[in-house]
Amino acid sequence: MSADKVAGLVAQKLASTTGRPEPDISCPKDLVGKVGTTMRCKLTASDGSTLGVTITVTSVDGKRINFGFEADAKASPAR
């Protein structure tokens, strides 16, 4: 799954969960469709602070990749 698609899906899920606008999320590479694969993405808030987000593939069904994500507990301040 492309890095842009992963970032977009995570942003949509976060927005629907929090009731806030979609955050800016960037992922460094495409997500490999293998259960257990992890990738680190970065969420940049409107104030410029950043938060790491870990993406983990939970299942693969044909070409469909299902994944979960967890944001770090602490943000890095804006530069």
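Everything that follows concerns the structure shown earlier in this document.
So, a few notes on the structure that sits alongside this text. (Residues numbered from 1 in each chain as written. Predicted model: local features only at pLDDT ≥ 70, side-chain atom pairs only at ≥ 80, totals over all residues. Heavy atoms only, no water.)

## Details of the overall build of the protein
Our working definition: The way it works is that DSSP assigns letters per residue, a run of H or I at least four long becomes a helix, a run of E at least two long becomes a strand, and they are numbered from the N terminus. Relative accessible area decides the class of each residue, using a 1.4 Å probe on protein chains only: under 20% of the type maximum gives buried, over 50% gives exposed, and in between gives partly exposed. Contacts: residue pairs with any heavy atoms within 4.5 Å of one another.
A tally of regular secondary structure across the protein gives one helix and four strands. In sequence order, the protein lays out its α and β elements as α-β-β-β-β. Along the first, second and third principal axes, the C-alpha set of the protein runs to 40 × 25 × 20 Å. Expressed as a percentage of its 79 residues, the buried residues of the protein come to 27%. Of the contacts formed within the protein by residues at least 6 apart in sequence, a portion of 32% connects residues at least 24 apart.

## Concerning the nonpolar core
Note the following rule: What is meant by a nonpolar core is a set of buried Ala, Val, Leu, Ile, Met, Phe, Trp, Tyr and Cys residues, joined one to another through side-chain atoms within 4.5 Å.
One finds Val6, Val10, Ile25, Cys27, Leu31 and Ile55 to be the most contacted residues of the largest nonpolar core, which totals 18 residues. Of all elements in the fold, only helix 1 (3-18), strand 2 (38-44), strand 3 (50-61) and strand 4 (64-71) reach the threshold of two or more residues within this core. Sorting elements by how many residues they give to this core places helix 1 first, with six residues. Excluding anything up to four places from it in sequence, isoleucine 25 contacts Ala7, Val10, Ala11, Leu14, Cys41, Lys42 and Leu43.

## Here's the deal with the side chain of serine 49
Which entries qualify depends on this criterion: Think of a polar contact as two N or O atoms within 3.5 Å of one another; within protein, one of them needs to be a possible hydrogen donor and the other a possible acceptor, and neighboring residues in sequence only count if both atoms come from side chains.
Its place among the elements puts serine 49 in the loop between strand 2 and strand 3. Here serine 49 falls in the buried class, since its relative accessible area comes to 13%. A distance of 2.6 Å separates polar atoms of two side chains, one belonging to serine 49 and the other to aspartate 47. Beyond its immediate chain neighbours, meaning those up to four positions away, serine 49 contacts Leu43, Thr44, Ser76, Pro77 and Ala78.

## A few points about the environment of cysteine 27
By the element assignment, cysteine 27 lies in the loop between strand 1 (24-26) and strand 2. Look at cysteine 27 and you get buried, because its relative accessible area is 14%. Sequence-wise, cysteine 27 and arginine 40 are 13 residues apart; in three dimensions their C-alpha atoms are separated by 6.8 Å. For cysteine 27, the residues in contact, after removing those within four places along its chain, are Ala3, Val6, Ala7, Met39 and Cys41.

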